[in-house]
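# A closer look at the structure
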Amino acid sequence: MIRFENVTKRYRGTKRPALSGVDFEVLRGEFVFLVGASGSGKSSCLQLILREESPSSGRVAVLGRDLKTIANRKVPYFRRSIGSVFQDFRLLPSKTVFQNVAFTLQVTGASRGFIQQAVPEALALVGLSGKEKRLPHELSGGEQQRVAIARAIVNRPQIVLADEPTGNLDPGTSVDIMQLLARINAGGTTVLMATHEAAFVDQMQRRVIELRDGEMVRDEVGGGYGDTSNVPRLEPETIRGAAATAALQTVREVHRETEAAIAEPAQPAEPVQPAQPVQPMVKPADDARPATHPLTLPAVDLAELGVADRLGLDTGDDEEVGPVS
Ligand SMILES: Nc1ncnc2c1ncn2[C@@H]1O[C@H](COP(=O)(O)OP(=O)(O)OP(=O)(O)O)[C@@H](O)[C@H]1O
């Protein structure tokens, strides 16, 4: 499902590699924790899986495909088989809960009928029925993360990647989110989660891959966190503007996706089909999207980008934005 073969990742201008000779394989249906101290390379692994970054050497294969063989213009389609959940939620602030979840499907050209069925199902699965019309700021942090999870699974991805999904949540809410991810995994979706949350890792007794200074030092089935003495405890983020920066990041991702969709109009998600069907998270809709369904472009541009202006954030395209974990 996900395979790293002797992967080394060296970022430009850095002395030591972020990842060094990393080798592992995640099988279909597994729930795997990726643990390690800050800077050990967890997020770099996730970025390689999403093909946001490329290995300096070695090979990353996802769903049976060597990622370097996927053409740039096909990357957005590839990413549709992967749902992503982040520490900072990355919801569109001026869109309702329903619209945030529907957006992923709209960009991929799903029919209105499919959206009307799939979105409520995904929201029910994460326990948010009845809150469809709320805006993100009208939700608790845990509820916002549930929306983000609904958005990640509404397209029925085979893999869900979660990068510190409980990092901004209190312990009680974090437990709920962990249980939700475990339930999604129980439905057949492969889950790879980067985390500092030693307590959860210890409790859940799933496979643990541990990184230390970019090297894989442990791959243990049914493991715990290991030595937690040098693992920082994450506090809720209070950095001014962090939410807005995250929102801007989301808008940029949406734009990238939209541009790709314009360049090559809607087609069904292309990545390699599973050898055997995975139990779907959401029931298939009767009116599954026709191959030629017209692309529905989302109306986000001006209003959403205004967030950046109002907060005086730099919108230069060259720069990395959003909290980097
Ligand atoms: N775009 C980048 N350019 C240069 N160096 C980077 C970049 N991204 C990550 N790094 C470096 O690579 C190393 C691994 O970073 P990474 O973010 O993968 O670690 P992490 O385990 O996810 O950390 P955290 O738990 O703090 O999020 C760090 O030394 C980091 O500074």
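Summary of the structure given here. (Residues numbered from 1 in each chain as written. Predicted model: local features only at pLDDT ≥ 70, side-chain atom pairs only at ≥ 80, totals over all residues. Heavy atoms only, no water.)

Let us now look at the overall build of the protein chain. In terms of helices and strands, the protein chain carries 9 helices and 10 strands. The burial tally for the protein chain puts 52% of its 325 residues in the buried class. Counting only contacts in the protein chain whose residues sit at least 6 apart along the sequence, the fraction spanning at least 24 positions is 76%. Approximately 15,100 Å² of the protein chain is accessible, and the part contributed by carbon and sulfur atoms is 50%. (Helix = DSSP H or I, 4+ residues; strand = E, 2+ residues; numbered from the N terminus. Buried < 20%, exposed > 50% of the residue type's maximum accessible area, 1.4 Å probe, protein only. Contact = heavy atoms within 4.5 Å. Areas by Shrake-Rupley, 256 points an atom, 1.4 Å probe, with all protein chains shown as cover.)

Reading across the sheet, the 4 strands line up as E2-E1-E4-E5 and stay open at both edges, with antiparallel pairing between neighbours. The open sheet has two edge strands, strand E2 (19-26) and strand E5 (65-66), and neither has a second partner. Across 5 bridges, strand E1 (residues 2-9) lies against strand E4 (residues 57-62) in antiparallel orientation. Within the sheet, the bridge partner assigned to Glu5 lies in E4 and is Arg59. Sheet contacts for helix H1 (residues 42-49): E1, E2 and E4; angle to E1, the most-contacted strand, approximately 120°. (Pairing = 2+ DSSP bridges. Axes fitted to C-alpha atoms, helices over the stretch in contact; angles between N-to-C directions.)

Before going further, it helps to spend a moment on the sheet that holds strand E3 (residues 31-35). One open sheet holds the 6 strands; their spatial order is E6-E7-E8-E3-E9-E10, and the pairing between them is mixed. The open sheet terminates on both sides in strands that have one partner only, identified here as strand E6 (82-86) and strand E10 (215-220). With strand direction ignored, the average angle separating the axes of adjacent strands in the sheet is 15°.

Further remarks concern the pairing of E3. Sheet faces and side chains relate simply in a regular strand, where the side chains alternate between the two faces. With 5 of 5 residues buried, E3 lies mostly within the body of the structure. With burial as the criterion, each face of E3 is covered, one bearing Phe31, Phe33 and Val35 and the other bearing Val32 and Leu34.

In this section: the packing of helix H3 (residues 97-107) against helix H5 (residues 141-153). At a closest axis distance of 8 Å, the pairing of H3 and H5 adopts a crossing angle of 25°. The angle between H3 and H5 falls in the class roughly parallel. Note that H3 runs across H5; the crossing there is right-handed. In this structure, H3 contributes Val97, Asn100, Val101 and Thr104 to the contact, and H5 contributes Val147, Ala150 and Arg151. Class assignment of the residues belonging to the contact of H3 with H5 gives a composition of 4 nonpolar, 2 polar and 1 charged. (Parallel < 35°, antiparallel > 145°, perpendicular 65-115°, else oblique. Left-handed = near helix turned anticlockwise from the far one by under 90°. Nonpolar A, V, L, I, M, F, W, Y, C, P; charged D, E, K, R; others polar.)

Time to look at the environment of Ala37. By the element assignment, Ala37 lies in the loop between E3 and H1. Look at Ala37 and you get partly exposed, because its relative accessible area is 23%. Considered as a pair, Ala37 and Glu210 are 173 residues apart in the sequence and their alpha carbons are 9.1 Å apart.

With respect to burial, H3 is a largely interior element, 8 of its 11 residues being buried. Every buried residue of H3 is listed here: Val97, Phe98, Asn100, Val101, Ala102, Phe103, Leu105 and Val107.

With that out of the way, let us pick up the nonpolar core. If you look at the biggest cluster of nonpolar residues, it comprises 44 residues, and the most contacted ones within it are Phe31, Phe33, Val101, Leu105, Val119, Ile149 and Leu181. Among the elements of the structure, E3, H3, helix H4 (112-125), H5, strand E7 (159-163), helix H6 (171-186), strand E8 (190-195) and helix H7 (198-204) are those that each provide at least two residues to this core. No other element matches the 7 residues that H4 contributes to this core. Every residue in contact with Phe31, bar those within four places of it in the chain, is listed here: Met178, Leu181, Ala182, Asn185, Val191, Met193, Met204, Arg206 and Arg207. (Core = buried A, V, L, I, M, F, W, Y, C linked by side-chain atoms within 4.5 Å.)

Inspection of the secondary structure assignment puts Phe114 in helix H4. Classification of Phe114 as buried rests on a relative accessible area of 5%. Through-space distance from the C-alpha of Phe114 to that of Ala102 is 9.8 Å; in sequence the pair is 12 residues apart.

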